[in-house]
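So you can see what is in the structure, the chains are spelled out below.
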Amino acid sequence: KNQVEQSPQSLIILEGKNCTLQCNYTVSPFSNLRWYKQDTGRGPVSLTIMTFSENTKSNGRYTATLDADTKQSSLHITASQLSDSASYICVVSNTGGFKTIFGAGTRLFVKA
Amino acid sequence: KAGVTQTPRYLIKTRGQQVTLSCSPISGHRSVSWYQQTPGQGLQFLFEYFSETQRNKGNFPGRFSGRQFSNSRSEMNVSTLELGDSALYLCASSLDRDRGEKLFFGSGTQLSVL
């Protein structure tokens, strides 16, 4: 069964600290994995896309990693800012059944 | 180019009424998908339209329906509203959702059912 699981469910960190969000998937055959950021009351916005051959990709203070063997991805946020407070959603696409599966998201709170 | 436009932004209805939400995708995008999000919950997939045809459907009751027009604009209808239908409804457009193309989301319609 195609599934995407994210952890932790929620996270509180102090401004300036780093954090790492996890995404495990069982989607197969794998096409790509995207991380989205969703601010409260707004639609999600794409941060990164990872394909099978990519291990690491950065977008400013956001760095995504992918281990296709263990079917795990992480999103690392460096030097967090108050504006990083949002939900982060992992989305995995499957080429075989042409499906796109959403994780439940990690809710990040950055405190001053 | 213009982003995804959803109207209205806010909506208040009473139980038993019906509602129609609208989504105008990015020009050139043929895929429009709809999602329901309740407070503290993840995005729940409703359905996806591609070139005027419903291609995928989530696990929602038949009260939730949609359609897509020849210009790719899409509407979602909810009949016989229930209190539990209060949520943020998001639509997303893409070149092709199920081939992993990037989703561009609108700002959503916040529906309150009283």
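Residues numbered from 1 in each chain as written. Chains lettered and ligands numbered in written order. Predicted model: local features only at pLDDT ≥ 70, side-chain atom pairs only at ≥ 80, totals over all residues. Heavy atoms only, no water.

A. Structural detail: the overall build of chain A. Scanning chain A from terminus to terminus reveals 0 helices and 11 strands. Reading the secondary structure of chain A in the N-to-C direction produces β-β-β-β-β-β-β-β-β-β-β. In terms of overall size, chain A behaves like a compact globule, its C-alpha atoms giving a radius of gyration of 14 Å where 112 residues would be expected to give roughly 13 Å. Contacts in chain A between residues far apart in sequence, at least 24 positions, make up 56% of those at least 6 positions apart. (Helix = DSSP H or I, 4+ residues; strand = E, 2+ residues; numbered from the N terminus. Rg over C-alpha atoms; globule rule 2.2 N^0.38 Å. Contact = heavy atoms within 4.5 Å.)

B. A look at the pairing of strand 7 (residues 64–68) of chain B. All names here are of chain B. Looking at chain direction, strand 7 and strand 8 (residues 74–78) are connected through 5 bridges and run antiparallel. The residue bridging arginine 67 from the neighbouring strand is glutamate 75, located in strand 8. Linking strand 7 to strand 8, which pair antiparallel, is a turn of 5 residues; within it serine 72 sits at a positive phi near 80 degrees. (Pairing = 2+ DSSP bridges.)

C. View of the interface of chain A and chain B. Taken together, the 18 residues of chain A in the interface contact 18 residues of chain B. In total, chain A and chain B occlude about 1,500 Å² of area from one another, counting both sides; carbon and sulfur atoms represent 47% of this. Our count for the chain A to chain B interface comes out at 0 salt bridges. Counting across the chain A and chain B interface gives 4 residue pairs in polar contact (both at pLDDT 80 or more). In terms of residue count, the dominant contributor to the side of chain A that touches chain B is strand 4 (residues 30–38) of chain A (5 residues). For the side of chain A that touches chain B, the class distribution of residues is 6 nonpolar, 9 polar and 3 charged. (Buried area = accessible area lost by both parts, 1.4 Å probe. Salt bridge = Lys/Arg side-chain N within 4 Å of Asp/Glu carboxyl O. Polar contact = N/O pair within 3.5 Å; in protein donor to acceptor, adjacent residues only side chain to side chain. Nonpolar A, V, L, I, M, F, W, Y, C, P; charged D, E, K, R; others polar.)

D. Spotlight on the side chain of glutamate 48 of chain B. Residue and element names in this part refer to chain B. For glutamate 48, the position within the fold is in strand 5 (residues 44–50). A polar contact is formed between the side chain of glutamate 48 and the side chain of serine 31, at a distance of 2.7 Å. A distance of 2.6 Å separates a polar atom in the side chain of glutamate 48 from a polar atom in the side chain of arginine 55. The residues contacting glutamate 48, other than those within four sequence positions of it, are Ser31, Val32, Ser33, Thr53, Gln54, Arg55, Asn56, Arg97 and Asp98.

E. Quick look at the state of the cysteines. What the rule picks out here adds up to 2 disulfides over all chains. What pairs with cysteine 23 of chain A in a disulfide is cysteine 90 of chain A, and their sulfur atoms sit 2.0 Å apart. Taking the torsion about the S-S bond as the criterion, the cysteine 23 of chain A to cysteine 90 of chain A disulfide, at about -70 degrees, is left-handed. On the criterion of sequence distance, the pair formed by cysteine 23 of chain A in strand 3 (residues 19–25) and cysteine 90 of chain A in strand 9 (residues 86–94) is long-range, its members being 67 residues apart. Under the relative-accessibility criterion, cysteine 23 of chain A is labelled buried at 0%. Across the disulfide, cysteine 23 of chain B is cross-linked to cysteine 91 of chain B (sulfur-sulfur distance 1.9 Å). In this structure, the disulfide formed by cysteine 23 of chain B and cysteine 91 of chain B twists by about 70 degrees around the S-S bond and is classed as right-handed. With cysteine 23 of chain B in strand 3 (residues 19–24) and cysteine 91 of chain B in strand 9 (residues 87–94), this pair connects stretches of sequence that are 68 residues apart. Taking the relative accessible area as the measure of exposure, cysteine 91 of chain B reaches 0% and is therefore buried. (Disulfide = S-S within 2.5 Å. Buried < 20%, exposed > 50% of the residue type's maximum accessible area, 1.4 Å probe, protein only.)

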